[in-house]
Amino acid sequence: MREILNEMHQWMSDYMKSFYSADAEVQQGILIKEKHTGYVTANCVDLAKNLNFPKHDVELAEIIGLFHDVGRFRQYSIYKTFNDADSEDHADLGIKVIDELDFFKKLDAADFEIVKFAISQHNKKEIAPTNDVRKLLFAKVIRDADKLDIYRVLEPFLAQENADKMPKFIKGKARAEISPDFVEKFVRGEQTDYREIRTNGDRKIVRLMWVYDINFAWTMKKIVERGYIEKIVENLPMDENVAKGVKLLREHVNKIIENG
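Residues numbered from 1 in each chain as written. Predicted model: local features only at pLDDT ≥ 70, side-chain atom pairs only at ≥ 80, totals over all residues. Heavy atoms only, no water.

So, about the overall build of the protein. Helices and strands together make up the secondary structure of the protein, namely twelve helices and zero strands. Each helix (α) and strand (β) of the protein, taken in turn from the N terminus, gives the series α-α-α-α-α-α-α-α-α-α-α-α. In terms of C-alpha radius of gyration, the protein reaches 18 Å, essentially the compact-globule figure of 18 Å for 260 residues. Across the 260 residues in the protein, those meeting the buried criterion constitute 54%. The contacts of the protein with a sequence gap of at least 6 include a subset with a gap of at least 24, amounting to 66%. Carbon together with sulfur atoms contributes 50% to the accessible area of the protein, which is approximately 12200 Å² in total. Here the protein carries 41 positive and 45 negative side-chain charges, and the mean point of each set is 1 Å from the other. (Helix = DSSP H or I, 4+ residues; strand = E, 2+ residues; numbered from the N terminus. Rg over C-alpha atoms; globule rule 2.2 N^0.38 Å. Buried < 20%, exposed > 50% of the residue type's maximum accessible area, 1.4 Å probe, protein only. Contact = heavy atoms within 4.5 Å. Areas by Shrake-Rupley, 256 points an atom, 1.4 Å probe, with all protein chains shown as cover. Lys, Arg positive; Asp, Glu negative; His and termini not counted. Charge placed at Lys NZ, Arg CZ, Asp CG, Glu CD.)

Here it is in structure tokens:
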């Protein structure tokens, strides 16, 4: 599979560079997506190795990481936005791109279905029900790998004084407050659809709630080691309910790491 992967890496590199633009704001967005693709691919490989996947499955995880956001580039080409709510679900767009690429036909049929399922589910609020344990496993791997890097991407914009520097393709108003319904869900440990984000405070809460959707102790340890949770907490508008949600979240984090 390594030969196919080399071909895929070259294609993806050329494809992403084909979207480079003289428009500084567009170029910023493309470069962020390109760098994100590299980090998520590496995260998939590292996580798969930590889970003791055989070589074949490590490479399958690498393919999923490499192509998980391929739909982002067609999304911008068609709709001039990276916002799914204002265009089309980028994972669904990605499957359309993948179905057009001949080198995917070189994969075993079962592997190809795993790749498509995992990519189609990487950004959904919840993974679609499936009885296929391998599809479910790889969907969990890419969801963890993706979230781990999005924490890195958003970190520079956590402080309110930096909120105005947030690129337009990162949806969310600069206001610091958190919408009441987001606070309620945070205290209950529930996920919220990111398309419902209305303020910068909402965005921070959503990223904290992601912690409840982390599947592997390896990922949780990385999130803690890099200080992503505490950096978000430090920049939250704090009240009694938010503080309660933070306390419950920290307890959940410790439990996942201890049981891992």
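Although it is not a glycine, N52 adopts a positive phi angle of roughly 60°. Looking at the element boundaries, N52 is found in the loop between α2 (24-50) and α3 (55-67).

Counting 73 residues, the largest nonpolar core has M8, F67 and F104 as the members making the most contacts within it. The leading source of residues in this core is helix α7 (residues 133-154), at eight residues. (Core = buried A, V, L, I, M, F, W, Y, C linked by side-chain atoms within 4.5 Å.)

How two helices sit against one another is set out by the angle between their axes and by the gap between those axes. Between α7 and helix α10 (residues 217-225), whose axes approach to 10 Å, the crossing angle comes to 5°. Taken as axis vectors, α7 and α10 run roughly parallel relative to one another. Within the contact between the two elements, α7 uses D144, L148 and Y151 and α10 uses W218, T219, K222 and I223. Grouping the constituent residues of the contact of α7 with α10 by class yields four nonpolar, one polar and two charged. (Axes fitted to C-alpha atoms, helices over the stretch in contact; angles between N-to-C directions. Parallel < 35°, antiparallel > 145°, perpendicular 65-115°, else oblique. Nonpolar A, V, L, I, M, F, W, Y, C, P; charged D, E, K, R; others polar.)

This part covers the pattern of salt bridges. Tallied over the entire structure, the rule returns 21 salt bridges. Taking the shortest distance from any N to any O, the salt bridge between K116 and D99 comes out at 3.1 Å. Taken together, the residues K116 in helix α6 (residues 109-121) and D99 in helix α5 (residues 90-99) connect sequence positions 17 residues apart. The partly exposed category is assigned to D99, whose relative accessible area is 41%. What you see here is one network of salt bridges that share partners, running through R2, K55, E59 and E62. (Salt bridge = Lys/Arg side-chain N within 4 Å of Asp/Glu carboxyl O.)

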